[in-house]
Amino acid sequence: MAQASVAQDHQSSWWHRNQQQLTPWLFLAPGMLFFLFYVIFPIFQSFNLSLYEWDGLGQAEYVGLYNYEELYWDEAFYTSLKNNVIWLFLYLLAIPAGLFIALFLNQTVTGIRLYKSLFFFPFVISQVVVGLVFTWFYDPTFGILNVLLGSVGLPPVNVLGDENWVTVGIIVAGLWPQTAYCMILYLTGLNAVDPEQIEAGRLDGAKGWKMLWYIIVPQLRPATFIAFVVTIIGALRSFDLISVMTNGGPFGASRVLSFYMFEVALSEYGFRMGYGAAIAVVLFLIMLAFIAYFLWSMYKEEKAR
Amino acid sequence: MRSMLKTSAAAFAILAASMGSASAEGLTGELKIFLDTSNPAPRATMEQMISQFQEKNPDLEIETTVIDREAYKTQIRNFLTANAPDVATWYAANRMRPYVEAGLFEDVSDLWAEPAIAENLASTKGAMTIDGKQWGVPYTYYQWGVYYRKDIFDELGLSEPTTWEEEKANCQKIIDAGKKCYTIGTKFLWTAGGWFDYLNMRTNGFDFHMDLLTGKASWQSDEVRKTFANWRELIDMGAFIDNHQTYSWQEALPFMVQGDAAAYLMGNFAVAPLRDAGLTDDQLDFYQFVEITPGIEKAEDAPTDTFHIPANAQNKEAAREFLRFVVSPDVQTQINNGQNLGQLPVNAQSSVDDDKFLVEGFEMLSSNSPGGVAQFFDRDAPAEMAKVAMEGLQEFMVKPDNLDNILARLDRARERIYK
């Protein structure tokens, strides 16, 4: 009997024996292939391209690290980098704002679903529309912002035309949909908050801010984590709002790295592919640092469990 | 060697000319045309013109593709290399240089040697020439100048200025009346390039302007500083509308329509939207940009739009015939008239439409622009330099005190770009 089964094993094909191990890889294969071709491969291509000077038409000329040296002397690069940092910090305001709106909406009143969807609305509409709406809002001659400022006796400001205010102005526009996104994350998170712990906290005399900080927020950790990740990535890839609202202006004051890369490499006056690739590499390294940090902390958390 | 080249070129030209006329009835195959004329009126004009060409050549299969004007500017790189049409639109002068240098445009000097083109298109030949050869044909161009509200000028008792002093005196009166002299929207930068073109050409002349834009002259030179000093006089007077850095050129139109600003330095394409907004020809008028340095010959901006044959085209014979057709006097008269493009024909034999701005513009370009005809800031300078420089111009208009910093930056860019 035993011998017969061994013989059977010998007869069955290699496929039959390894089916269990192979199947997951087969299912993963299409995804991995695409990831390899559309994500991993272009990363190395960009690294390579950043060592060349190329206008997209003629012969690419190897220039070593010249593009990076050029970047080092480029004022516009530092403006973009600075704006990226401002974006990173101010965009994070979407997280507490989203949390408070979620807490506010987490109640049972008639029509609450309608309110929730209205609050979520800005995330559904296109960033281009958001940008246009805010451009009109800020318009120095007929925008409602200056009307409001005027009614309380303040002088008018041209938010999008002032190099000190423009980035903040665009970020405020970006916060509108991003807050809605964080709100939805927190609303689902709040559903999972354990009522018994709240009850227990109440018995121990916790309320108000203490209740929020020591009982609710720790339980929302997973939602906070995701909100952080999407907000930081969102801040680093901010592009559409800048393109719609200011086109990088006035005189380049609202550019961020991704927009600057587009401008030098792909826009009407661009086509310095190597230089664009060098900016892309810098942006990639910044993103990599953040994402590595998040993956690492996620890994630590999994291990602790 | 040289003479041999010349004779062979001449022989080829004659051959091409005879072939052209011989095969005019017999063109066959496919003709793929790519257009960037995506706005409704130019699009209709082009389609009508192409259908006429089709009627003349019934055996030719014409396939027209219209691409959004802005998108075209980036797509042209791809289609010229990968999947070239037989005819494509583009712009003259330095704007076509990258493609000429990359060998992507066909040398059409043979067409320019034909008498029909050589004699009648002489005025635009320079703009189509790089390295002594011609790389395409123009199909339309338009003048730039000061479009102003005649009714406001009349009300304030002003007349068209001809000198810089008169210009400033007019402007002061307009400001005293609580209006702005000029509307402008610099969000997309190029409008500031128009002002610089004129101020620099009037202050230092056409040749210096071209030296500057082709990298031969320094941005920190005294000449350039003089241009900016003149510009600053206007800025310090408060001549331009506030917050112009937030507006596109279209968004700057209402200031003029509502009478908050009296004039607009623009291309002739601004006339149509101004008329659409309700300004009549009695309210709207035009004058040539004033003289600044006495004795300097006036030069004008007149951007030229062009047709080219990609080097990788399949049906170059039909494409050449199409170019001949486009520049022929009748077609030029027709496509540039008021119902169609509303611009100036490139063929000297064509007639200009009976529109007061076109007539005045044609008059100005043909007899009152002895210094030369420039294309435009971002067409004469290489794209990269144009971008950096126009950003500097915008910054200067908002913060004139940063001038030294801006000029130093532009000179650094110059050293890098024109190697």
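Reference entry: report on the structure contained in this document.

**Some remarks on the overall build of chain A**
Here's step 1: Across its full length, chain A carries 15 helices and two strands.
Here's step 2: For chain A, whose C-alpha radius of gyration is 26 Å, the value lies well above the compact-globule estimate of 19 Å for 305 residues.
Here's step 3: On the principal axes, the C-alpha backbone points of chain A span a range of 100 × 75 × 30 Å.
Here's step 4: For chain A, with 305 residues in total, the buried portion stands at 30%.
Here's step 5: The long-range share in chain A, meaning contacts at least 24 apart out of those at least 6 apart in sequence, stands at 69%.

**Digging into the overall build of chain B**
Here's step 1: Each helix and strand counted, chain B has 20 helices and 13 strands in total.
Here's step 2: Viewed in the frame of its principal axes, chain B has a C-alpha envelope of about 70 × 50 × 35 Å.
Here's step 3: Looking at chain B residue by residue over its 419 residues, the buried ones come to 47%.
Here's step 4: Of the contacts made within chain B by residues no fewer than 6 positions apart, 78% connect residues no fewer than 24 positions apart.

**A look at the interface of chain B and chain A**
Interface size is commonly expressed as the accessible area that is lost once the parts come together.
Here's step 1: Contacts between the two partners involve 20 residues from chain B, matched on the other side by 17 residues from chain A.
Here's step 2: Breaking the side of chain B that touches chain A down by element, the ones donating at least two residues are helix 3 (69–81) and helix 19 (383–398) of chain B.
Here's step 3: At eight residues, helix 19 of chain B tops the list of elements feeding residues into the side of chain B that touches chain A.
Here's step 4: The residue inventory of the side of chain B that touches chain A, partitioned by class, reads seven nonpolar, six polar and seven charged.

**Here we look at helix 12 (residues 222–237) of chain B**
Residues and elements named next belong to chain B.
Here's step 1: Relative to the 22 Å expected for 16 residues at 1.5 Å per residue, helix 12 spans 23 Å between its end C-alpha atoms, a close match to the ideal helical length.
Here's step 2: Among the residues making up helix 12, those that are buried are Val224, Thr227, Phe228 and Trp231.
Here's step 3: For helix 12, the elements touching its buried residues are helix 10 (190–204), helix 11 (206–213), helix 19 and helix 20 (403–417).
Here's step 4: Just downstream of helix 12, Gly238 is the residue with a positive phi angle, here 80°.

**Some words on the nonpolar core**
Here's step 1: Grouped together as the largest cluster of nonpolar side chains are 113 residues, with contacts concentrated most on Val137, Tyr147, Tyr182, Ala263 and Leu323 of chain B.
Here's step 2: It is helix 19 of chain B that provides the largest number of residues to this core, a total of 10 residues.
Here's step 3: In terms of domain composition, this core takes at least three residues from each of domain 1 (2–141 + 303–350) and domain 2 (144–301 + 371–417) of chain B.
Here's step 4: Here Val137 of chain B is in contact with Val108, Leu111, Met128, Thr306, Phe307, Leu323, Val326 and Val327 of chain B, once residues within four sequence places are set aside.
Here's step 5: Listed in part, the 53 residues of the second largest apolar core include Ala94, Phe134, Leu175 and Ala227 of chain A.

**Observations regarding the sheet that holds strand 9 (residues 261–267) of chain B**
Residue and element names in this part refer to chain B.
Here's step 1: The sheet built from four strands is open, its strands ordered 8-9-7-10 with mixed pairing. The open sheet has two edge strands with one neighbour each: strand 8 (180–182) and strand 10 (284–287). Taken over all neighbouring pairs, the strand axes of this sheet differ in orientation by 25° on average, direction set aside.
Here's step 2: Across two bridges, strand 8 lies against strand 9 in parallel orientation. When the sheet's bridge partners are listed, Tyr182 is paired in strand 9 with Ala263.

Conventions we followed
Residues numbered from 1 in each chain as written. Chains lettered and ligands numbered in written order. Predicted model: local features only at pLDDT ≥ 70, side-chain atom pairs only at ≥ 80, totals over all residues. Helix = DSSP H or I, 4+ residues; strand = E, 2+ residues; numbered from the N terminus. Rg over C-alpha atoms; globule rule 2.2 N^0.38 Å. Buried ≥ 20, exposed ≤ 12 C-beta atoms within 10 Å, placed from the backbone. Contact = placed C-beta atoms within 7 Å. Nonpolar A, V, L, I, M, F, W, Y, C, P; charged D, E, K, R; others polar. Expected span 1.5 Å × (residues − 1). Core = buried A, V, L, I, M, F, W, Y, C linked by C-beta atoms within 7 Å. Domains from an automatic or database assignment. Pairing = 2+ DSSP bridges. Axes fitted to C-alpha atoms, helices over the stretch in contact; angles between N-to-C directions.

Treat this as a map of the structure, not an account of what it does.
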